[in-house]
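One-letter residues, chain by chain:
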Amino acid sequence: MFWMNLKKKITDRLKQLTIGYVNDQEMIDSLRKQGVTIGERVRFFAPHTITVDVTKPYMIKIGNDVQITAGVTILTHGYDWSVVKGLTGEILGSCGEVVIGNNVFIGTKSTILKEVHIGDNVIIGANSLVNKDCESGYVYAGVPAKKIMTIEEYAEKMRKKQFIQAYNQFKCYYEKYNELPKKDMFDEFFFLFEDRSSELIEKFDKKLKLLGNYEKSKEKFLSREGQMFENYEQFCSKCMEKFKLEHKSYIVSEN
């Protein structure tokens, strides 16, 4: 047993050195040990692509329910002072605290610079350069990142797109396989069609449990808000109707 455990530790360490962290929990544990403050239910997606500046780990604070996606960089210092030193001989330090609040999403390949505080309930769009504080309750995007809209406005924008985005998923699957997709594939769109009176399948219930606010999500689901169809069959029927209108020359399989 000892040798098996030792072998696993060595293997995991080699993986970390060659491709980065094995998984996001390993990255979180490692960052916490080094001094980074990290809350609960935090995710690092594709952790081997994410860079967290740990030269001063005690200067990074990450709240609860933060989603950090592939290619994100978080910096607490800069080495730009090296150019000044080369010119004048002076050493002029460069560092700043980075604070990320609760319920924050940081999009792919975004960079968070030193001296930035991000509030609660914030979305950072992909490829953004965040060089200034982000106020709670807003969407930011761009280089440099700018305030785009409130989270409430963003939510309303998403509500209006729910069916068309679910249909696009349906269409792409049907075009690829020429068969109806299974219901559990729509685990991000089940508010549109799932019967509120029946027991939820595991995959849907798991989505309700994300971010630790299960009761709030369950209450919203049971209120029937966002429901457009009585059941999944009716949803599929509407999708097929739309598909045939868009593909009049498409030969639908007899199967």
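Residues numbered from 1 in each chain as written. Predicted model: local features only at pLDDT ≥ 70, side-chain atom pairs only at ≥ 80, totals over all residues. Heavy atoms only, no water.

Student: Give a detailed account of the overall build of the chain, specifying residues and quantitative values.
Tutor: Counting its regular elements, the chain contains seven helices and 14 strands. Looking at the chain as a whole, 34% of its 255 residues qualify as buried. Intrachain contacts of the chain at a sequence separation of at least 6 include 38% that bridge at least 24 residues. Accessible area of the chain: about 15900 Å², with a carbon and sulfur share of 54%. (Helix = DSSP H or I, 4+ residues; strand = E, 2+ residues; numbered from the N terminus. Buried < 20%, exposed > 50% of the residue type's maximum accessible area, 1.4 Å probe, protein only. Contact = heavy atoms within 4.5 Å. Areas by Shrake-Rupley, 256 points an atom, 1.4 Å probe, with all protein chains shown as cover.)

Student: Which residues make up the sheet that holds strand β14 (residues 146-150), and what values do they have?
Tutor: Strand order in this open sheet of six strands is β2-β5-β8-β11-β13-β14, and the pairing throughout is mixed. Looking at the sheet topology across the chains shown, the edges are occupied by β2 (43-44) and β14. Pairing analysis gives three bridges linking strand β5 (residues 66-68) to strand β8 (residues 104-106), with the strands arranged parallel. Paired with Q67 across the bridge in β8 is F105. (Pairing = 2+ DSSP bridges.)

Student: Please give an account of the layout of surface pockets that cites residues and values.
Tutor: Volume-wise, the largest pocket comes out at about 2200 Å³. Along the walls of the largest pocket sit 40 residues, with A155, M158, L211, N213 and S217 positioned nearest its centre. Residue assignment for the lining of the largest pocket shows that the elements contributing at least two residues are β8, β11 (122-124), α4 (151-177), α5 (202-208) and α6 (214-222). The dominant element in the lining of the largest pocket, judged by the number of residues it contributes, is α4, at 12 residues. Here the residues of the lining of the largest pocket sort into 19 nonpolar, eight polar and 13 charged. (1 Å grid on protein atoms, 1.4 Å probe; cavity = no way out; pocket = protein on both sides within 12 Å on 5 of 7 lines; lining within 4 Å. Points joined across faces, edges and corners; volume = space filled by probe spheres on them. Nonpolar A, V, L, I, M, F, W, Y, C, P; charged D, E, K, R; others polar.)

Student: Could you give an account of the environment of I151, naming the residues involved and the relevant values?
Tutor: Note that I151 resides in helix α4. Sequence separation between I151 and G137 is 14 residues; the distance between their C-alpha atoms is 5.4 Å. Apart from residues lying up to four places away in sequence, I151 is in contact with N121, V122, I123, G137, Y138 and V139.

Student: Provide a residue-level description of the nonpolar core, including the pertinent values.
Tutor: Ranked by size, the top nonpolar core spans 28 residues in total, and within it F44, I62, I68, I74, I100 and I118 carry the most contacts. Put simply, the parts of the chain that give this core at least two residues each are α2 (24-34), β4 (60-62), β5, β7 (98-100), β8 and β11. With sequence-adjacent residues up to four places away left out, I118 is seen in contact with V99, I100, G101, V104, I112, I124 and C134. Core analysis: the second largest hydrophobic core is formed by 21 residues, F190, L208, F235 and F243 among them. (Core = buried A, V, L, I, M, F, W, Y, C linked by side-chain atoms within 4.5 Å.)

Student: Lay out the packing of α4 against helix α7 (residues 232-246) in plain terms, naming residues and giving numbers.
Tutor: Packing of α4 against α7 leaves a shortest axis separation of 10 Å and a crossing angle of 70°. Taken together, the axes of α4 and α7 are roughly perpendicular relative to one another. Taken together, the residues of α7 that come into contact with α4 (itself represented by F163, I164, A166, Y167, F170, K171, Y174 and E175) are F235, C236, K238, C239, M240, K242, F243 and E246. Each residue belonging to the contact of α4 with α7 can be placed in one class, and the counts come to 11 nonpolar, no polar and five charged. (Axes fitted to C-alpha atoms, helices over the stretch in contact; angles between N-to-C directions. Parallel < 35°, antiparallel > 145°, perpendicular 65-115°, else oblique.)

Student: Please provide a residue-by-residue account of the pattern of salt bridges, values included.
Tutor: By the definition in use, this model includes 12 salt bridges. For D205, the salt bridge identified is with K209, shortest N-O distance 3.2 Å. D205 sits in the buried class, given a relative accessible area of 17%. A salt bridge links K220 to E225; its shortest N-O distance comes to 3.4 Å. Under the relative-accessibility criterion, K220 is labelled partly exposed at 40%. On the basis of relative accessibility, which here comes to 38%, the residue E225 falls in the partly exposed class. (Salt bridge = Lys/Arg side-chain N within 4 Å of Asp/Glu carboxyl O.)

Student: Talk me through the sheet that holds strand β12 (residues 129-130); I want residue IDs and the actual numbers.
Tutor: One open sheet accounts for four strands, arranged β3-β6-β9-β12; its pairing is parallel. Because the sheet does not close on itself, it has two edges, and the strands there are β3 (51-52) and β12. Bridge count for strand β9 (residues 111-112) against β12 is two bridges, and the pairing is parallel. Residue pairing for β12: I112 is matched across the bridge by V130.

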